[in-house]
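Analysis of the macromolecular model
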2 protein chains.
Amino acid sequence: MKLGRKLTQEAVEAQLEEAGVSPTPQRVEIARILLSQPQHMSAEDVLVALRKAGAAASKATVYNTLRLFAQCGLLRTVIVDPAKVFYDSNTAPHHHFYDVEAGTLTDFRAEEVQLTRLPDLPEGAAMDGVDITVRVRAARPEK
Amino acid sequence: MKLGRKLTQEAVEAQLEEAGVSPTPQRVEIARILLSQPQHMSAEDVLVALRKAGAAASKATVYNTLRLFAQCGLLRTVIVDPAKVFYDSNTAPHHHFYDVEAGTLTDFRAEEVQLTRLPDLPEGAAMDGVDITVRVRAARPEK
DNA sequence: CTTAATGCAAAGGCTTTGCAGAGAC
DNA sequence: GTCTCTGCAAAGCCTTTGCATTAAG
């Protein structure tokens with residue numbers, strides 16, 4: 001199902017160093033899990049995936065690492081669920097479907113929406129980015 | 001500054017009953033604060049405003065009431081800050097500017113964006129709504 | 001009298017922080 | 001030896017829940 005083959009250790013280390021973070025073993029492991037393909041994971045998800053991969057890191061390290069990666073632009077944070085933050089390894093311009101019942105995120109490319117006009121920004125404000133969240137739920141089974 | 005005159009108690013009670021919630025004193029007070037004008041408040045904000053208005057309610061009641069109002073469609077929840085939920089008393093179609101530094105929300109009407117095309121929904125999904133968040137930050141003072 | 005709402009305190013979940021120990025250069 | 005990273009546990013926030021008390025019909 002999930003076919004993102006693991007990245008080579010070298011590739012990941014290079015990517016981390018390019019982003020300006022020293023490639024410690026824990027960080028490399030987290031990067032290999034998260035950056036191997038575009039996906040959305042919570043800190044808890046990462047923790048579980050690490051254990052499953054036989055490579056543990058402490059909760060604190062996972063949280064710190066995810067925050068660090070997000071600051072460096074390796075990941076994007078997605079705020080759609082009041083209970084937890086999602087980290088998105090897709091750094092290409094895109095937006096999200098959010099299944100409000102399942103709590104799952106799905107990407108769609110930025111080109112798939114046509115945002116023809118944007119509102120005037122408030123006085124003295126500079127645009128930082130635009131997030132579009134399309135909330136969806138399972139369609140009622142067609143009768 | 002904040003000129004939303006308080007709604008009459010009768011008007012608020014009518015609004016609550018129309019929404020199907022019994023107008024208890026605490027709920028009426030919360031409604032008078034929040035529904036008097038379009039605004040964004042966190043639970044804590046409401047608690048503070050209540051005290052300032054000389055009408056207290058317990059923390060539990062405030063949280064429960066806000067959740068209840070949101071379920072009834074009197075309020076919308078806005079998820080942009082991982083730390084807390086905002087309740088939005090503007091029920092007209094609109095989206096938000098979010099000042100990522102100040103943590104403040106500003107509305108803009110839905111007609112101010114032109115969302116010409118929407119992506120195809122995932123298989124078996126029904127649209128529930130679209131939220132557009134324009135992240136902004138204070139423009140660097142023009143040199 | 002029965003049902004619903006309030007409020008206090010406790011519990012809960014996610015995230016951050018303090019600080020000692022381990023590792024890298 | 002110095003600086004950085006790790007990890008455990010504790011602390012912090014926001015929010016929800018349990019349950020006794022109070023109010024309402």
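Just so it is clear, the structure is predicted and the values come from calculations on it, not from any experiment.

Turning to the sheet that holds strand β2 (residues 76–81) of chain B, a few remarks are in order. Residue and element names in this part refer to chain B. If you walk across this open sheet you meet the three strands as β1-β3-β2, and the pairing is antiparallel. In this open sheet, the two strands that pair with only one neighbour each are β1 (40–41) and β2. Examined bridge by bridge, β1 and strand β3 (residues 84–88) share two bridges and lie antiparallel to one another. Following the sheet pairing, M41 is matched in β3 by Y87.

Our next topic: the relation of the copies chain A and chain B. Overlaying chain A with chain B gives an RMSD of 0.0 Å, the required rotation being 180° about an axis along which the chain moves by 0.0 Å. When the rotation and shift are considered jointly, the pair of chain copies conforms to a two-fold rotation axis. Here 100% of the contact residues of chain A are again contact residues in chain B; the copies associate through an equivalent surface.

Contacts between the two partners involve 36 residues from chain A and, on the opposite side, 36 residues from chain B. Our count for the contact surface shared by chain A and chain B stands at six salt bridges. For D128(A), the salt bridge identified is with R135(B), shortest N-O distance 3.1 Å. One can count 21 residue pairs in polar contact (both at pLDDT 80 or more) joining chain A with chain B. Looking at the side of chain A that touches chain B, the elements with two or more residues in it are β2 (76–81) and β6 (125–138) of chain A. Top element by residues in the side of chain A that touches chain B is β6(A). It accounts for 14 residues. Of the residues contributing to the side of chain A that touches chain B, the split by class is 22 nonpolar, five polar and nine charged. Across 13 bridges, β6(A) lies against strand β6 (residues 125–138) of chain B in antiparallel orientation. Within β6(B), the residue paired with M127(A) across the bridge is V136(B).

Rules behind the numbers
- Residues numbered from 1 in each chain as written.
- Chains lettered and ligands numbered in written order.
- Predicted model: local features only at pLDDT ≥ 70, side-chain atom pairs only at ≥ 80, totals over all residues.
- Heavy atoms only, no water.
- Pairing = 2+ DSSP bridges.
- Helix = DSSP H or I, 4+ residues; strand = E, 2+ residues; numbered from the N terminus.
- Least-squares fit on C-alpha atoms with pLDDT ≥ 70 in both.
- Contact = heavy atoms within 4.5 Å.
- Salt bridge = Lys/Arg side-chain N within 4 Å of Asp/Glu carboxyl O.
- Polar contact = N/O pair within 3.5 Å; in protein donor to acceptor, adjacent residues only side chain to side chain.
- Nonpolar A, V, L, I, M, F, W, Y, C, P; charged D, E, K, R; others polar.

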